[in-house]
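A look at the structure
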Amino acid sequence: MKRTLQMLNKVGLVVMFLIAAYVTFFEFTGISATDLIGKKGLNTLPTLSSLKLKKESTSALDQYFFKDLLNIQQTKVVTQVSAKPSSPKRLEDTININELEKVNVIATGYTAGIESTGKTPSHPEYGITSSGVKVKRDLYSTIAADTNYFPFGTIFYIPGYGYGVVADRGGAIKNIKLDLYYETVEDVYEDWGKKTLDVYIIKIGEGKLTEEMLTALNENDAVQAFRGQYTEKVPQ
């Protein structure tokens, strides 16, 4: 009987010690059993804000454990930040060309000068397109097309050139051909010349283009970051 009582006393002391250690640990750290286990098991980690550590009173083992826990949390944050998609750096990165109708065309370059239009700067219609708008090399540049195929206001994405809006027509621009506006003859030869390539139709025009419509396209906030991508002469 005496041995039995002694054994019970020892078991009781052990149980009390374990309960005291359990309570002390969770009160000291501020971590609940739900924080460590929760509904999802041991994979659920406490957040950084739930850790209330006092370095001067923690044991070496505690410091080792919490150092690893903090490293895991910080690694997760860094991974989440680095996984954010980067902003597009080129105009073409904003366009899903796979969803657009493409047309294979012969594309040449032209200027407002006498070499392309037969007009000099003194001509009253110098630099004025058939639609009535002024020629422009910008985010949305004026281009010429056969309006029987592509009415005024039709918008293309042209790889290597950018957006082009049909604003003009020309005697040599028939069928599936485009003429892309450049400011100088040197630009035509250095930047373009003559190419056969696929272009992508953004929108079919309604046969009309005004200065207001062209300005609205070029001043669209969504594309201002790409201003000057294709020509340094366009304001940044």
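Here is a short report on the structure shown in this document. Quick caveat: nothing in here was measured; it's all calculated off a predicted structure. (Residues numbered from 1 in each chain as written. Predicted model: local features only at pLDDT ≥ 70, side-chain atom pairs only at ≥ 80, totals over all residues. Heavy atoms only, no water.)

1. Observations concerning the overall build of the protein chain
The secondary structure content of the protein chain amounts to six helices and six strands. Helices and strands in the protein chain line up, N terminus first, as α-α-α-β-α-β-β-β-β-α-β-α. By the burial criterion, 32% of the 236 residues in the protein chain qualify as buried. (Helix = DSSP H or I, 4+ residues; strand = E, 2+ residues; numbered from the N terminus. Buried < 20%, exposed > 50% of the residue type's maximum accessible area, 1.4 Å probe, protein only.)

2. Topic: the pairing of strand 3 (residues 155-158)
Each regular strand carries side chains that alternate between the two faces of the sheet. Residues Ile 155 and Tyr 157 point to one face of strand 3 and Phe 156 and Ile 158 to the other, with burial holding for every one of them. Pairing between strand 3 and strand 4 (residues 162-168): four bridges, direction antiparallel. Within strand 4, the position partnered with Ile 155 by the bridge is Val 165. Hairpin remark: strand 3 followed by strand 4, antiparallel, with three residues in the connecting loop; positive phi at Gly 160, about 90 degrees. By the bridge criterion, three bridges tie strand 3 to strand 6 (residues 194-203) in an arrangement that is antiparallel. The residue bridging Tyr 157 from the neighbouring strand is Tyr 200, located in strand 6. (Pairing = 2+ DSSP bridges.)

3. Digging into helix 5 (residues 185-192)
Listing the buried residues of helix 5 in full gives Asp 187, Val 188 and Trp 192. In a view along the axis of helix 5, the buried residues occupy a sector of 105 degrees, so they form one face of it. Projecting away from the buried face of helix 5 at angles above 90 degrees are the exposed residues Tyr 189 and Glu 190. In this structure, the buried residues of helix 5 make contact with strand 1 (101-110), strand 3, strand 5 (177-181) and strand 6. In the segment just after helix 5, Gly 193 is the residue with positive phi, at about 80 degrees. (Arc of directions from axis to C-beta. Contact = heavy atoms within 4.5 Å.)

4. Topic: the side chain of Asn 218
On the secondary structure map, Asn 218 appears in helix 6 (residues 211-218). Take Asn 218: its relative accessible area is 2%, and that puts it in the buried class. From its side chain, Asn 218 meets the backbone nitrogen of Tyr 140 in a polar contact 2.7 Å long. Every residue in contact with Asn 218, bar those within four places of it in the chain, is listed here: Lys 136, Asp 138, Leu 139, Tyr 140, Gln 224 and Arg 227. (Polar contact = N/O pair within 3.5 Å; in protein donor to acceptor, adjacent residues only side chain to side chain.)

5. Overview of the pattern of salt bridges
Evaluation of the coordinates by the stated rule reveals two salt bridges. As a salt-bridge pair, Lys 102 and Asp 198 come within 3.8 Å of each other at their nearest N and O atoms. Of this pair, Lys 102 sits in strand 1 while Asp 198 sits in strand 6, placing them 96 residues apart in sequence. Of the residues examined, Lys 102 reaches a relative accessible area of 52% and is grouped as exposed. Accessibility expressed as a relative area gives 28% for Asp 198, which makes it partly exposed. Measuring nitrogen to oxygen at the nearest pair gives 3.9 Å for the salt bridge that ties Lys 119 to Glu 125. Given a relative accessible area of 46%, Glu 125 falls into the partly exposed group. (Salt bridge = Lys/Arg side-chain N within 4 Å of Asp/Glu carboxyl O.)

6. With respect to the packing of aromatic side chains
Two numbers describe a pair of aromatic rings. These are the distance of the centres and the angle of the planes. Counted by the stated rule, this structure contains seven aromatic pairs. Judged by centre distance (4.5 Å) and plane angle (5 degrees), the rings of Tyr 140 and Tyr 163 are stacked. Within this pair, whereas Tyr 140 is found in strand 2 (residues 140-145), its partner Tyr 163 is found in strand 4, the two being separated by 23 residues in sequence. With respect to burial, Tyr 140 and Tyr 163 carry one shared label: buried. Aromatic side chains Tyr 149 and Phe 150 sit 6.4 Å apart centroid to centroid with 45 degrees between the ring planes, which places their arrangement in the tilted category. With a relative accessible area of 42%, Tyr 149 lands in the partly exposed category. These aromatic residues form a ring-pair network of at least three members: Tyr 140, Tyr 157 and Tyr 163. Across from the ring centre of Tyr 161, 3.9 Å away, lies the NZ or CZ of Arg 137, which sits over that ring. In this structure, Lys 195 is placed above the aromatic ring of Trp 192, and the distance from its NZ or CZ to the ring centre is 4.1 Å. (Phe/Tyr/Trp six-rings, centres within 6.5 Å; stacked < 30°, edge-to-face > 60°. Lys NZ or Arg CZ within 6 Å of the ring centre and 35° of its normal.)

No statement about biological role is implied by the geometric values presented.
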